[in-house]
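Breakdown of the fold
As a plain string of letters, each chain reads:
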Amino acid sequence: MTNERRTVRVDLGERGYDIVIGERLLETAEDVLAPIVAGRRAVVVTDAVIRDAHLPRLAAVLDRLCDRWDTVTVPAGEDAKSFRELEALLHRLLDLGIDRSTVLVAFGGGAVGDVAGFAAALFMRGIDLVQIPTTLMSQVDSAVGGKNAINTPHGKNLVGTFHQPRIVLDDVSVLESLPRRELLSGYGEVVKCGLIRGEAEFAWLEENAPSLLALDAGPLIEAVRMGCGTKAGIVASDERDRGDRALVNLGHTFAHALEAEAGYGALLHGEAVAAGLAAATALSARLGHCDPRVAERVRGHLRAVRLPDRVAALASDRPWDPRALLTHMAHDKKTVAGRIHFVLLRGIGSPFVDGTVPGQAVLDVLDGECRRG
Ligand SMILES: NC(=O)c1ccc[n+]([C@@H]2O[C@H](COP(=O)([O-])OP(=O)(O)OC[C@H]3O[C@@H](n4cnc5c(N)ncnc54)[C@H](O)[C@@H]3O)[C@@H](O)[C@H]2O)c1
Ligand SMILES: [Zn+2]
């Protein structure tokens, strides 16, 4: 075991906070949790999987620090992200008789983090939130930045708030119980971060992916630090998502269309992101913004770790239809006045937003990405 901890600061002035990354943090994070929860009540919001597998590890620290703490369980996965579950959660909090000084601890993947974060924002107009994410996806992405949301029949993540946590604890040890497919999906976001960050970071991933995906703590901590650092930097420069924050959406215009077309739940988000990264770099090359070798290199890395390296590699019972995907993009919530916004690359480490990409160029690229064989 490595005792090494890494800390990434999310620099948002008086709402700023630390992301602490390490091994066995659940048992050892008393020092960093104390300033937030010592002598107060806490409510841990989690799902049954995490409660059974990991809550006992956190319990000792909470026993020592908190005046009293309770647990509320929500359904696992996307089922937690509904008005119904949000309402049930708020009622449970009221039943427990908590007050404004209580700390809510979101302990689970991005779905738990979203509904718990939303509840923390709403309860008595906002109570303190601690994020303890348990998937690679949530450790590098969803637990950082303060966004939360639930789903409605109109679509995913359309209703939500901004509510920054007081601290994020990324314990890489919890990833040991994560299904392999979920781990790889989270790694799709890490690849995105490497592409946003630069040549050195991407090359580091190419070299270290096998060991970090084998859950070797040293490289895993480093990869989580890179992922969080990327998101933290972008969030600090654009907390409310009005400009630069769009850069974290590299690959996501394609990914959201793929998820919508597949039917929500058929693909994991990071799988769609992986195919989206391949498509976004191919589009960048096609428009002459970057060297075609960048697109081939991205594809090669995705293939090496067994993530989808093109749309056609994503599971589907029928062929992918480029026109249907383009239609989804036109309806994406990030589409402004009919202009689809793509994050493109001038090279590794040089992303930019382009709202002027011709639809035909997108279709041409998608034709290639969707073709089987
Ligand atoms: N708020 C944001 O900024 C933001 C950003 C990205 C994604 N999201 C949201 O995050 C959600 C996806 O999150 P996710 O990828 O973490 O998946 P998830 O939260 O849906 O979890 C997936 C499954 O893994 C299980 N699980 C979680 N941790 C585990 C562990 N350590 N061991 C064993 N099983 C474990 C869960 O019980 C669940 O069944 C989506 O709803 C997405 O919209 C939010
Ligand atoms: Zn994403």
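**Remarks on the environment of Leu215**
Counting through the fold element by element, Leu215 comes out in the loop between α8 (199–213) and α9 (217–237). When the C-alpha positions of Leu215 and Leu175 are compared, they lie 7.7 Å apart, and in sequence the two are 40 residues distant. Apart from residues no more than four positions distant in its own chain, Leu215 is found in contact with Leu175, Glu176, Leu183 and Leu220.

**Some remarks on unusual backbone geometry**
Phi at Met124 takes a positive value of approximately 45 degrees, unusual for a residue other than glycine. Tracing the backbone through its elements, the reader meets Met124 in the loop between α5 (110–122) and β6 (128–133). On the accessibility criterion, Met124 (36% relative accessible area) is partly exposed.

**Quick notes on the domain arrangement of the protein chain**
Along its sequence, the protein chain is organised into domain 1 (5–177) and domain 2 (180–370). Spacing between the C-alpha centres of domain 1 and domain 2 amounts to 27 Å. Listed by partner, the interface residues are 29 residues for domain 1 and 29 residues for domain 2. Between domain 1 and domain 2, roughly 2500 Å² of surface is buried when both sides are summed, and carbon and sulfur atoms account for 71% of that area. Counting the contacts that link domain 1 with domain 2 gives 4 salt bridges. Measuring nitrogen to oxygen at the nearest pair gives 2.6 Å for the salt bridge that ties Arg15 to Glu239.

**Overview of the site of ligand 1**
In the vicinity of ligand 1 lie 27 residues, with Asp47, Glu78, Gly110, Thr135 and Ser177 positioned nearest. At a separation of 2.8 Å, an oxygen atom of ligand 1 approaches a polar side-chain atom of Lys81. When ligand 1 sits alone it has 870 Å² of accessible area, and the protein chains cover 85% of it. Breaking the shell around ligand 1 down by element, the ones donating at least two residues are α3 (48–65), α5, α6 (136–142) and β8 (155–162). Looking at the shell around ligand 1, the element that brings in the most residues is α6, giving 4 residues. Grouping the constituent residues of the shell around ligand 1 by class yields 8 nonpolar, 10 polar and 9 charged.

**Looking at the side chain of Asn148**
Examined against the element boundaries, Asn148 turns out to sit in strand β7 (residues 147–152). At a separation of 2.9 Å, a polar atom in the side chain of Asn148 contacts the side chain of Thr161. For Asn148, the contacting residues outside a window of four places in its chain are Asp114, Gly117, Phe118, Ala121, Val159, Gly160, Thr161 and His163.

**Section: the packing of helix α7 (residues 180–197) against α9**
Orientation of α7 relative to α9, taken along the N-to-C sense of each, is 60 degrees, at an axis distance of 9 Å. In terms of orientation, α7 lies oblique with respect to α9. Two packed elements cross with a definite hand, and for α7 against α9 that hand is left-handed. Counted together, Val190, Cys193, Gly194, Ile196 and Arg197 of α7 and Ala223, Met226, Gly227, Gly229, Thr230 and Ile234 of α9 form the full contact between these two elements.

**Quick notes on the environment of His269**
By the secondary structure assignment, His269 is in helix α11 (residues 269–286). Taking the C-alpha atoms as reference, His269 lies 9.0 Å from Glu189; in sequence the two are 80 residues apart. Apart from the residues within four sequence positions on either side, His269 is in contact with Met137, Ser185, Glu189, His252, His256 and Glu259.

**Remarks on the packing of α8 against helix α12 (residues 292–304)**
Taken N-terminus to C-terminus, the directions of α8 and α12 make an angle of 30 degrees; their axes are 10 Å apart at the nearest point. The angle between the axes of α8 and α12 places the two elements in the roughly parallel class. The element α8 and its partner α12 pack so that their crossing is left-handed. Along its contact with α8, which presents Glu199, Phe202, Ala203, Leu205, Glu206 and Ala209, the element α12 presents Arg297, Val298 and His301. When the residues that make up the contact of α8 with α12 are grouped by side-chain class, the tally is 5 nonpolar, 1 polar and 3 charged.

**A closer look at the pairing of strand β1 (residues 5–10)**
The sheet contact formed by β1 and strand β2 (residues 17–22) spans 6 bridges and is antiparallel. By the bridge assignment for β2, Arg9 is matched with Asp18. Connecting the antiparallel pair β1 and β2 is a turn made up of 6 residues, with Gly13 showing a positive phi of about 60 degrees.

**Description of the pattern of salt bridges**
Should the charged atoms of two oppositely charged side chains come close, the side chains can pair. This model, assessed by the stated rule, comprises 32 salt bridges. A salt bridge links Asp52 to Arg51, with the nearest nitrogen and oxygen atoms 3.1 Å apart. Its salt-bridge partner being Lys81, residue Asp114 comes within 2.8 Å of it at the nearest N-O pair. Residue Asp114 is found in helix α5, and its partner Lys81 is found in the loop between β4 (68–73) and α4 (83–95); the two are separated by 33 residues along the sequence. Through salt bridges with shared partners, a single ionic network connects Arg24, Glu27, Arg57, Asp171 and Glu176.

Conventions and cut-offs
Residues numbered from 1 in each chain as written. Chains lettered and ligands numbered in written order. Predicted model: local features only at pLDDT ≥ 70, side-chain atom pairs only at ≥ 80, totals over all residues. Heavy atoms only, no water. Helix = DSSP H or I, 4+ residues; strand = E, 2+ residues; numbered from the N terminus. Contact = heavy atoms within 4.5 Å. Buried < 20%, exposed > 50% of the residue type's maximum accessible area, 1.4 Å probe, protein only. Domains from an automatic or database assignment. Buried area = accessible area lost by both parts, 1.4 Å probe. Salt bridge = Lys/Arg side-chain N within 4 Å of Asp/Glu carboxyl O. Near = heavy atom within 4 Å. Polar contact = N/O pair within 3.5 Å; in protein donor to acceptor, adjacent residues only side chain to side chain. Areas by Shrake-Rupley, 256 points an atom, 1.4 Å probe, with all protein chains shown as cover. Nonpolar A, V, L, I, M, F, W, Y, C, P; charged D, E, K, R; others polar. Axes fitted to C-alpha atoms, helices over the stretch in contact; angles between N-to-C directions. Parallel < 35°, antiparallel > 145°, perpendicular 65-115°, else oblique. Left-handed = near helix turned anticlockwise from the far one by under 90°. Pairing = 2+ DSSP bridges.

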